[in-house]
Amino acid sequence: MAGLSRRKMLVSGGALGALGALGVAAPAHARSLLAWTWAPSGSVAGSGAGADPRWVWDEEADPLVASLLDRGDVPMVNALLWNWTRNDQPLPAGLPEDLRAFIEKARQLPSWADSKKLEVAAEFNKSRGLYLNLLNGVGGGMLSTAIPKEARSVYYSKGGADMEDRVAKTSILGFAVGALNAYRPGGSCIVEAVKTRLVHAAVRHLLPQSPQWTGDVPISQEDMLVTWHTLPTYAMRELLAWKVPMSGADREAYLHVWQVTAHLLGIRDEYIPATWAAANAQSEEILPRNMGPTPEGVELTDILLGQLAEQTSPASLSRPLCNALARYLAGDQVADWDGIEREPVWGPLISTAWPALVKFREGLIPLPLVPEAAWVLDEAVRKYILFYLTKGQETKIEIPTINRPQ
Ligand code: HEM
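As the structure is a prediction and not an experimental result, all values here were calculated from the model.

## A few points about the overall build of the protein
Here comes step 1: Regarding its fold elements, the protein presents 18 helices and zero strands.
Here comes step 2: For the protein, the C-alpha radius of gyration of 20 Å lies close to 22 Å, the compact-globule estimate for 406 residues.
Here comes step 3: Across its three principal directions, the C-alpha atoms of the protein cover 60 × 50 × 45 Å.
Here comes step 4: Taken over 406 residues, the protein has a buried fraction of 48%.
Here comes step 5: The long-range fraction of contacts in the protein, counting pairs at least 24 apart against all pairs at least 6 apart in sequence, stands at 78%.

## Topic: the site of the ligand
Here comes step 1: Around the ligand sit 24 residues, and of these K158, G159, K169, L173 and P400 come closest.
Here comes step 2: When residues of the shell around the ligand are traced back to their parent elements, those giving at least two are α8 (148-156), α9 (163-178), α10 (189-206) and α11 (221-241).
Here comes step 3: Within the shell around the ligand, the residues separate by chemical class into 11 nonpolar, seven polar and six charged.

## Details of the packing of helix α14 (residues 295-312) against helix α18 (residues 373-394)
Here comes step 1: Interhelical geometry of α14 versus α18 gives an angle of 105° and a closest axis separation of 8 Å. The angle between α14 and α18 places the two elements in the roughly perpendicular class. For the pair α14 and α18, the contacting residues are L308, Q311 and T312 in the first and A380, K383, Y384 and F387 in the second.
Here comes step 2: When the residues that make up the contact of α14 with α18 are grouped by side-chain class, the tally is four nonpolar, two polar and one charged.

## A short note on the nonpolar core
Here comes step 1: Core analysis: the largest hydrophobic core is formed by 109 residues, its most contacted members being L325, A326, I350 and L377.
Here comes step 2: Counting residues per element, this core draws most heavily on α10, which supplies 11 residues.
Here comes step 3: If we skip the residues at most four places from it in the chain, A326 touches V138, M142, L305, A335 and I340.

## So, the environment of I103
Here comes step 1: Tracing the sequence through the fold places I103 in helix α5 (residues 97-106).
Here comes step 2: Judged by the 21 C-beta atoms lying within 10 Å of it, I103 falls in the buried class.
Here comes step 3: As a C-alpha pair, I103 and R86 span 17 residues in sequence and 13 Å in three-dimensional space.
Here comes step 4: Excluding anything up to four places from it in sequence, I103 contacts L91 and V194.

## Things to note about α18
Here comes step 1: Helix length check: α18 (22 residues) gives 32 Å between terminal C-alpha atoms against 32 Å at 1.5 Å per residue, within 8%.
Here comes step 2: Within α18 the residues assigned to the buried category are A373, A374, L377, A380, V381, Y384, I385, Y388 and G392. Taken around the axis of α18, the buried residues stretch over an arc of 130°, which confines them to a single face. In α18, those exposed residues whose orientation departs by more than 90 degrees from the buried face are W375, E379, L386, T390, Q393 and E394.

About the criteria used
- Residues numbered from 1 in each chain as written.
- Predicted model: local features only at pLDDT ≥ 70, side-chain atom pairs only at ≥ 80, totals over all residues.
- Helix = DSSP H or I, 4+ residues; strand = E, 2+ residues; numbered from the N terminus.
- Rg over C-alpha atoms; globule rule 2.2 N^0.38 Å.
- Buried ≥ 20, exposed ≤ 12 C-beta atoms within 10 Å, placed from the backbone.
- Contact = placed C-beta atoms within 7 Å.
- Near = placed C-beta within 6 Å.
- Nonpolar A, V, L, I, M, F, W, Y, C, P; charged D, E, K, R; others polar.
- Axes fitted to C-alpha atoms, helices over the stretch in contact; angles between N-to-C directions.
- Parallel < 35°, antiparallel > 145°, perpendicular 65-115°, else oblique.
- Core = buried A, V, L, I, M, F, W, Y, C linked by C-beta atoms within 7 Å.
- Expected span 1.5 Å × (residues − 1).
- Arc of directions from axis to C-beta.

By themselves, these are just geometric observations and shouldn't be taken as functional.
Okay, structure coming up:
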């Protein structure tokens, strides 16, 4: 693969050491045959057939988007949906009738959505924005490249050829979820989640046509759950590990905003965990068997960290700082799979500076106890968030019509 050094390949394939925060111990393929045992009684639906989510995709969106692609309607649809941005905005005139009917249904909040919890979540996202953007952006990004099916899907789909745009597009949903008005009428979370559901349906149709693609139809329900756990489940575990003070209501509300988002992304209610305990149990069941190294994941990680470095700090510090931050966030196991270099200077500094910064921000320690390095990190994280906020404003989520150009 272009741009992939032999050393990086070796790093990614070797040194599968200690367990990371997510309990990942051995390569995905070694565990891929394990059965699905997570009970639907732990889901927001409270019951379900218990079907193995590896073999369930999106039965409403998939045939519809396949048909739009086959009919050649997608460019027209993308143009019409370009200015559809607000949760309360009527759909534009001229959409194909089957798509209009689908979106009108898909944009409805589930009956179990709780507007009070969504308001609490919005406040929580605001007050913890810096941590959450770092965890969901950089941390989640590093975890996603260590999910072989996701890394390969991203690499061989259209967006794989332009990762800066791809990250900017993905961050649109991330920022929408974290916005104060996420699910209010003037917010955009419903719109971006429904658009993403359409994008995923397109990828399921397009990727199997790629000569580079091997394996089953991508983005199964299990695949989506795996990615979902790299977002809220992972973030909550890290916040707890960093001892960020949170009320029970905050934790529940943060789970809730992601439950609603999962529903809007087309994850079935019978798979969406109802509680943090159920989420952790599901994560432990499915993450280990879906994580491991791939050459594509290593290359994507390298690109992502290169971009992060460019956006954040002075050139002399940038890449080692970003490597160390990424390793700190992802844990050694995942960092090794991703081929992230160990940084002898920044590595140990970050492990002490970051927790100190968090404690200072939470009013738990006084300023003199915060090491200098913490402010470099603080600044880097802010620049990173700002960069993708700005980039996200320049682009929109659109349904792809092609795979990655050869
Ligand atoms: C696109 C979020 C799960 C593969 C997107 C986009 C967002 C997003 C916001 C639109 C950005 C864009 O068009 O580039 C999510 C979330 C997920 C999830 C929140 C789970 C909770 C997955 C999974 C896979 C996947 C499990 C693969 C196994 C892709 C691909 C595209 C995409 C390949 C882009 C298609 C292209 O570049 O043309 N996703 N995703 N996603 N997603 Fe996901």
